[in-house]
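Observations on the model geometry
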Amino acid sequence: MGFAIRTEHLRKVYPGAHGASAALEDLTLDIPDGRVYGVIGRNGAGKTTFVRIAATQLVLTSGSATVLGHDVATEERAIRTRIACVPQEARPLYFLNVDEVVYLYLKLRGLDPADARARTKDALEQLSLTEFRRRTVSRLSGGLRRRVLCAMVLASDAEILFLDEPTTGLDPIARRQVWEAIRRAIRERRTILLTTHYLDEAEALSARLALFERGRLVLEGTPEDLRARVRYPYRVTIQGSTPREELQSYGRVSAIEGGFLVFARESEARDLARLALERGLKVGLGPVSLEGIFLDVVGRSIEDEGPTPEVEG
Amino acid sequence: MSERNRLRSLLTLVQINGLIPIRTQPLYLINLVASPLSFLFFIWIVSRGADLAYGVMGGMVLTMLSVGTGLQSDLTHYRHDMKFQDVVVASPVEAPVYVGGMALSELVYSLPALAVFVILFVYYGYATPESSAVLVGALLLVWSFATAFAFTLATYFQDVRETWMFSPIFSLVLTVLPPVYYPISYLPGWAQVAARFSPTTYAAELVQGAVGLQHLSFDTAVIDWIVLVGFTAALFLIAAFKARWKDP
Ligand SMILES: Nc1ncnc2c1ncn2[C@@H]1O[C@H](COP(=O)(O)OP(=O)(O)OP(=O)(O)O)[C@@H](O)[C@H]1O
Ligand SMILES: [Mg+2]
């Protein structure tokens, strides 16, 4: 196995962003090929900036990045023949029908018509779009439009797919269809760089994950690595009335509907669960989800540094 | 990309941006016939039929320039509202293929207008092998520089609204000030000087000369061609080095 994307001390400052912090700062990452690599982080953390630099759509400020061994700054042409991208805010051309969006995209990439036909049919079936194939994009719902874009790049022959929030606005069933299509792309030995705000999605699909915060990489690794690196790897939910102050000695407490959620270390989590059971409260205990990790790490960085400054574009 | 694949991409863009939109909105075709034909009508009325030839030749030049205006707003619209340029950048399609395909697709819309003018051109007996060759050459150059100029501008606009504001400036520089519908000698001295800064002036002079609307000495014609080709080359160079295919 090799690396699909590598960056070293990558930095991006948008032109005219005087005084504002960099959109990406000192980012060093190795993204293995043939897997899904998930990038998560809050709004404005730098996910799209990173995707666009790797997809050769955006110029980097300093440091370096290579895709499939080619430098993004000087060897774009060699990279571009092997990648495909769904940009965060992309919309399919509204006057085409669903079939045309996929088929013409493939022909635009230079695929021969018979191949493009077969791939189009296949991708539309996979994402349950066949019944809409003759419908004009302007008459599709928002989620369906997004799905059409996913079908478009998944149908391509690209080795690396850049999917910037591909499933935003998709219903739970459609979302799982996209996951299935992504897993199939992985079986075909393709690499996928995925950004998402659905942490269950990131966890379900990604072999490795990067958590960005204010342009910096704060956590990186497999989902298990990430779990091992957080302060409170367990979560305890307690339903019923308990004094909050008492809970605070066990870990980090937040209020939830009808009770509290406590993130804690393993032994504290067990002690707390036992205590709550003795008091006859309803208790849930388990390892934290990616969401828990996210809230722990990002929450901590917010506490440390105060509110995120608004960066003017 | 191989040459064969480039050609396929190019034709696919013509299909995407030229043929399919007409299927959904046939009025696009009338849109571009409307203004050159209105000019032709004015000139015909005002000159009582005498200067019709100016209307015909100017109409063709104007039609090619309108390809540039259309291209400029389509490129901006696709880039910002659909992120289509980002989709294309992250694909094997190179910038010249994208722009060339889009410019060809705009030409589809101008075919009805061109057809009308070509019919008039032949009907009034202006068509000789020499005049036709000059006409085709000059129009191709107008189409080329308008395309290069439109692409460069489109990559600087932040929103399609900016292209609407810019369109009148685009027309002023490329179509109003240059003597497309009359000989340059009609202009006052200062305006003649200003018009000399627009490549359209040279194209107009050449086509007017080709059908005998004004006398062009051999030397003047050669200089006009050189300047026209020079302007076009300069706009291509600017597009190659300054257009933002990749965002800064
Ligand atoms: N075109 C731009 N010009 C100037 N600044 C920009 C531009 N695009 C993004 N930024 C800034 O760069 C930072 C990172 O933005 P980016 O879009 O990469 O975030 P993101 O992680 O993708 O966020 P989201 O989850 O909201 O999509 C933000 O501070 C943003 O304001
Ligand atoms: Mg983003």
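See the structure printed just above.
To keep things clear, this report deals only with the structure shown in the data block. (Residues numbered from 1 in each chain as written. Chains lettered and ligands numbered in written order. Predicted model: local features only at pLDDT ≥ 70, side-chain atom pairs only at ≥ 80, totals over all residues. Heavy atoms only, no water.)

It is worth spelling out the pairing of strand S6 (residues 83-86) of chain A at this point. Residues and elements named next belong to chain A. Taking every second residue as pointing to the same face, both faces of S6 are buried, with Ile83 and Cys85 on one and Ala84 and Val86 on the other. By the bridge criterion, four bridges tie S6 to strand S7 (residues 160-164) in an arrangement that is parallel. Looking across to S7, one finds that Cys85 is bridged to Phe162. (Buried < 20%, exposed > 50% of the residue type's maximum accessible area, 1.4 Å probe, protein only. Helix = DSSP H or I, 4+ residues; strand = E, 2+ residues; numbered from the N terminus. Pairing = 2+ DSSP bridges.)

Turning our attention to the packing of helix H1 (residues 3-24) of chain B against helix H5 (residues 95-123) of chain B. All names here are of chain B. Across the interface, H1 lies against H5 with an axial gap of 8 Å and an inter-helix angle of 35°. In the crossing of H1 with H5, the sense of the turn from one axis to the other is right-handed. Packed against H1, whose contacting residues are Arg6, Ser9, Leu10, Leu13, Val14, Asn17, Gly18, Leu19, Pro21 and Ile22, the element H5 presents Val97, Tyr98, Gly100, Gly101, Met102, Leu104, Ser105, Glu106, Val108 and Tyr109 at the interface. A class-by-class count of the residues in the contact of H1 with H5 yields twelve nonpolar, six polar and two charged. (Axes fitted to C-alpha atoms, helices over the stretch in contact; angles between N-to-C directions. Left-handed = near helix turned anticlockwise from the far one by under 90°. Contact = heavy atoms within 4.5 Å. Nonpolar A, V, L, I, M, F, W, Y, C, P; charged D, E, K, R; others polar.)

In this section: the coordination of the magnesium ion (ligand 2). Binding of the magnesium ion (ligand 2) to the protein goes through Thr48 of chain A (OG1) and Gln88 of chain A (OE1), at separations of 1.9 to 2.1 Å. Residue Thr48 of chain A is found in helix H1 (residues 47-54), and its partner Gln88 of chain A is found in the loop between S6 and helix H3 (98-108); the two are separated by 40 residues along the sequence. (Donors = N, O, S within 2.8 Å, 3.2 Å for Na, K, Ca; no water.)

In this fold, Ser91 of chain B is placed in the loop between helix H4 (84-89) and H5. Its relative accessible area of 1% is what places Ser91 of chain B among the buried residues. Here Ser91 of chain B is in contact with Arg80, Ile83 and Arg109 of chain A, once residues within four sequence places are set aside.

With that settled, consider the site of ligand 1. Residue and element names in this part refer to chain A. Near ligand 1 there are 15 residues, and of these Gly44, Lys47, Thr48, Thr49 and His197 occur at the shortest range. Between Gly44 and ligand 1, the recorded distance is 2.8 Å, taken from a backbone N or O atom to an oxygen atom. One of the side-chain nitrogen or oxygen atoms of His197 is found 2.8 Å away from an oxygen atom of ligand 1. When the free accessible area of ligand 1 is taken as 640 Å², the share hidden by the protein chains comes to 72%. For the shell around ligand 1, the residue count by class is four nonpolar, eight polar and three charged. (Near = heavy atom within 4 Å. Polar contact = N/O pair within 3.5 Å; in protein donor to acceptor, adjacent residues only side chain to side chain. Areas by Shrake-Rupley, 256 points an atom, 1.4 Å probe, with all protein chains shown as cover.)

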